[in-house]
Amino acid sequence: MRLQNEELATIVILALSLVAIGALFLLTGASAPYSYDSPEGARVTVTGLVLAKENTYQGGHVILCVKTSAGPLDVFVPAGSGAFEAANATKPGSEVEAAGLVEMYKGQKEVVAETIKLLKK
């Protein structure tokens, strides 16, 4: 049985699609829930109540202080990120889920958000 050109092209496209999806997963990595022991550079998810919200003086970025099981944690949301609009819609008392990378800022851990979901206003 010999494959036709169209069938062969379809198989090749499907195989390349699977490889691309796998590579994307490996590059972005899965996120784990944030904990006090989360190392710098780890991709984490933070879920909790917004305790405070402020805008930075330079750049107009948003900083959310989120109550987590590990204690309060700052979530930094860059002004140009896809998470910025959702962060702007939050207020103290909102419940959010933020995903991003753990970084150190002035000796304290924070999460630089890549995505934010507003769970409860």
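A. Highlighting a nonpolar patch on the surface. A grouping of Leu-8, Val-12 and Leu-16 is seen on the molecular surface, where their side chains present a nonpolar patch of about 270 Å² in accessible area. Take Leu-16: it is sitting in helix α1 (residues 5-28). What makes Leu-16 exposed here is its relative accessible area of 56%.

B. Representation of the environment of Ala-32 within the structure. The residue Ala-32 is located in strand β1 (residues 32-33) in this model. Sequence spacing of Ala-32 and Ala-99 is 67 residues, and the spatial spacing of their C-alpha atoms is 9.1 Å. In this structure Ala-32 touches Arg-43, Val-44 and Thr-45, once residues within four positions along its chain are discounted.

C. Region of the structure containing the packing of aromatic side chains. Counted by the stated rule, this structure contains zero aromatic pairs. The ring of Tyr-36 is capped by Lys-109, whose NZ or CZ atom sits 5.7 Å from the centre of that ring.

D. Structural detail: the nonpolar core. Counting residues in each nonpolar core, the largest one holds 20 residues, and the members touching the most others are Leu-64, Val-77 and Ile-116. Put simply, the parts of the chain that give this core at least two residues each are β2 (43-55), β3 (62-68), β4 (71-77), α2 (84-88), β5 (95-105) and β6 (108-120). When residues no more than four places from it in sequence are discounted, the contact partners of Leu-64 are Val-50, Ala-52, Lys-53, Leu-73, Asp-74, Val-75, Ala-87, Thr-90 and Ile-116.

E. Geometry of the layout of surface pockets. Size it by volume and the largest pocket reaches roughly 410 Å³. Forming the boundary of the largest pocket are 15 residues, of which Asp-74, Tyr-105, Gln-108, Lys-109 and Glu-110 lie nearest the centre. Listed by contribution, the elements that provide at least two residues to the lining of the largest pocket are β4 and β6. At five residues, β4 tops the list of elements feeding residues into the lining of the largest pocket.

What counts as what
Residues numbered from 1 in each chain as written. Predicted model: local features only at pLDDT ≥ 70, side-chain atom pairs only at ≥ 80, totals over all residues. Heavy atoms only, no water. Patch = residues over 30% accessible without salt bridge, like charges linked within 9 Å, V, L, I, M, F, W, Y side chains within 5 Å. Areas by Shrake-Rupley, 256 points an atom, 1.4 Å probe, with all protein chains shown as cover. Salt bridge = Lys/Arg side-chain N within 4 Å of Asp/Glu carboxyl O. Helix = DSSP H or I, 4+ residues; strand = E, 2+ residues; numbered from the N terminus. Buried < 20%, exposed > 50% of the residue type's maximum accessible area, 1.4 Å probe, protein only. Contact = heavy atoms within 4.5 Å. Phe/Tyr/Trp six-rings, centres within 6.5 Å; stacked < 30°, edge-to-face > 60°. Lys NZ or Arg CZ within 6 Å of the ring centre and 35° of its normal. Core = buried A, V, L, I, M, F, W, Y, C linked by side-chain atoms within 4.5 Å. 1 Å grid on protein atoms, 1.4 Å probe; cavity = no way out; pocket = protein on both sides within 12 Å on 5 of 7 lines; lining within 4 Å. Points joined across faces, edges and corners; volume = space filled by probe spheres on them.

Any link to function would need more than the numbers given here.
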